[in-house]
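In case you want the letters, here they are:
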Amino acid sequence: MMQAKVWLEKLQQLPRPAGRVAIMNVCGGHERSITMAGLRGVLPDYVRLVPGPGCPVCICPEGDIHAAIRLGLEDGALVCAFGDMLRVPINRGRAEVRSLEQAHASGADIRPVASPMEAVALAQQNPQRQVVFFAAGFETTMAPVAAMLAQQPPDNLTVWLAGRLTWPAVSLLLESGTPGFDALVAPGHVATVMGPEEWDFVWQHHGIATAVAGFLPDSLLAAFYSVLRQVSSGQPMLDNCYAEVVRAGGNPFAKQILQQVFEVVDAPWRGVGTIPASGYAISEAYGGWDARRRFPHQCQDEGDEQMPPGCDCARVVMGKLEPVACRLYQTACTPRTPVGPCMVSDEGACRIWWSGGVRK
Ligand code: SF4
């Protein structure tokens, strides 16, 4: 792998296009690396880097969060979730309980976990209790959840699944006719699991330059160079700039286990709407561990998935608005006082830009 400096020099030598070139990424890890390494400041001025739909917590339906809150408060379940979900605010429910963190303060047993196996351990340590693992994430996060369920965890553990697939959101943008980007840097971790071919539709059907990138600046710069060269030559393709990890076909075991345990369904994205074939649901064969089946009375809060009032997260997530363009950024909304999920999650663009020192 060439060093970042070398890629940067090659980038500078590319012919200058007539207009600006917007390159979208769809991965919170990419956006973090771009922001923390200051890549926006070193690229040619005609390049605009756009953070896109790369934060599963940001688009997690508030109905799901509300269900998790009520599972803790009303059903007395021990609810565990990945840590950045705990502070995500919702609009519905009692005013003093508008996040899992507030539910915890109100007496619910809410615990952060870092992996599905920690949820299993909680169930084993609390055999008399119902333990609900509220699991949001993209394909890479969902594969270990599926693997955990395939191992038949304890009966007192169920999963409230809020898993999503990344490519349908990109497809939605491209089908809209105004995608807001001229080139795509596809997520390396998703391609590791699902295979880089999943992103072929971007260049084959839409003529958009595409490259898979890893998380280090040199891999991202290689991908930027690749897509800019594709744009300048007018010959789009899919370039794998993370070949040391991403293999053709992806990870067969992970794909098989995802297929075995989950079904792909139409799913709501908070503030965006329902995206066809963009969600995972637990299949019938593993229905005994599905929290929606065990607690059906908590499934009645679906629909009308709004962001908090004044919060532009939905447009930020879809690459339509830069975080600093939200009028609440830095005024009412900071990591200490987050208004929307994009300022809460480590993968949210607002949080990442704030952490990187970006101010209005
Ligand atoms: Fe939402 Fe805050 Fe981001 Fe604005 S700055 S889009 S209110 S999270």
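Residues numbered from 1 in each chain as written. Predicted model: local features only at pLDDT ≥ 70, side-chain atom pairs only at ≥ 80, totals over all residues. Heavy atoms only, no water.

Note on placement: E31 falls in helix α2 (residues 28–36). The contact partners of E31, leaving out residues within four places of it in the chain, are N25, R40, P51, I352 and W353. (Helix = DSSP H or I, 4+ residues; strand = E, 2+ residues; numbered from the N terminus. Contact = heavy atoms within 4.5 Å.)

Turning next to the packing of aromatic side chains. Overall, the coordinates contain nine aromatic pairs when judged by the stated rule. Here F262 and Y280 contribute two aromatic rings whose centre-to-centre distance is 5.4 Å and whose plane-to-plane angle is 45°, an arrangement assigned as tilted. Placement of F262 in strand β10 (residues 262–269) and of Y280 in strand β11 (residues 273–282) is noted, with a sequence separation of 18 residues between them. There is no split in this pair, since F262 and Y280 are both buried. (Phe/Tyr/Trp six-rings, centres within 6.5 Å; stacked < 30°, edge-to-face > 60°. Buried < 20%, exposed > 50% of the residue type's maximum accessible area, 1.4 Å probe, protein only.)

Here, the word disulfide means a covalent bond between the sulfur atoms of two cysteines. According to the stated counting rule, one finds one disulfide in the structure shown. The disulfide bridge from C55 ends at C58, spanning 2.2 Å between sulfur atoms. Taking the sign of the torsion about the S-S bond as the criterion, the disulfide between C55 and C58, at about 80°, is right-handed. Free cysteine C27: the closest other cysteine sulfur is in C55, separated by 11 Å. (Disulfide = S-S within 2.5 Å.)

So, about the sheet that holds strand β7 (residues 183–187). Here we have five strands laid out as an open sheet, ordered β2-β1-β7-β8-β9, and parallel in their pairing. Strand pairing shows two members of the sheet lacking a second neighbour, β2 (47–51) and β9 (238–240), which therefore form its edges. For this sheet, the mean inter-axis angle between neighbouring strands, taken without regard to orientation, is 20°. Across three bridges, the pairing between strand β8 (residues 209–213) and β9 is parallel. Paired with T210 across the bridge in β9 is L238. Taken strand by strand, helix α10 (residues 217–233) contacts β1 (21–25), β2, β7, β8 and β9, and its axis lies near 170° from that of β8. (Pairing = 2+ DSSP bridges. Axes fitted to C-alpha atoms, helices over the stretch in contact; angles between N-to-C directions.)

Looking now at the sheet that holds strand β3 (residues 78–82). Pairing within the open sheet is parallel, and its four strands lie in the order β4-β3-β5-β6. Both edges of this open sheet fall to β4 (110–113) and β6 (157–163), since each of them pairs with a single strand only. Neighbouring strand axes in the sheet, compared pairwise and without regard to direction, differ in orientation by 25° on average. As judged from the four bridges shared by β3 and β4, these two strands associate in the parallel manner. From the neighbouring strand, A81 faces β4, where its bridge partner is P112.

Moving on, we come to the pairing of β11. Inspection of the sheet shows β10 paired to β11 by seven bridges, in the antiparallel sense. Bridged to P268 within β11 is T274. Here β10 folds back onto β11 in antiparallel fashion, the turn holding three residues, of which G271 has a positive phi close to 80°.

With that out of the way, let us pick up the site of the ligand. Neighbouring the ligand are the residues C311, D312, C313, C326, L328, Y329, C333, V339, G340, C342, M343 and C350. Broken down by class, the residue content of the shell around the ligand amounts to 10 nonpolar, one polar and one charged. (Near = heavy atom within 4 Å. Nonpolar A, V, L, I, M, F, W, Y, C, P; charged D, E, K, R; others polar.)

Ranked by internal contacts, the top residues of the largest apolar core, which has 74 residues, are M85 and F134. Beyond its immediate stretch of four places on either side in the chain, M85 contacts V57, C60, I65, L100, F134 and A136. Core analysis: the second largest hydrophobic core is formed by 33 residues, V120, A135, A143 and V159 among them. (Core = buried A, V, L, I, M, F, W, Y, C linked by side-chain atoms within 4.5 Å.)

On to the domain arrangement of the protein chain, then. According to the domain assignment, the protein chain contains domain 1 (1–13 + 20–54 + 166–241) and domain 2 (57–165 + 251–298). The distance between the C-alpha centroids of domain 1 and domain 2 comes to 31 Å. Counting residues at the interface gives 13 residues for domain 1, matched by 16 residues for domain 2. Buried surface at the junction of domain 1 and domain 2, both sides included, amounts to about 1100 Å², of which 71% is carbon and sulfur. Of all residues in domain 1, T166, V193 and M194 bury the most surface against domain 2, accounting for 45% of the area lost on that side. Joining domain 1 to domain 2, the criterion identifies zero salt bridges. Applying the counting rule to domain 1 against domain 2 returns four residue pairs in polar contact (both at pLDDT 80 or more). Elements that contribute at least two residues to the side of domain 1 that touches domain 2 include exactly α7 (167–175) and α8 (188–194). The greatest single-element share of the side of domain 1 that touches domain 2, amounting to five residues, is contributed by α8. A class-by-class count of the residues in the side of domain 1 that touches domain 2 yields eight nonpolar, four polar and one charged. (Domains from an automatic or database assignment. Buried area = accessible area lost by both parts, 1.4 Å probe. Salt bridge = Lys/Arg side-chain N within 4 Å of Asp/Glu carboxyl O. Polar contact = N/O pair within 3.5 Å; in protein donor to acceptor, adjacent residues only side chain to side chain.)

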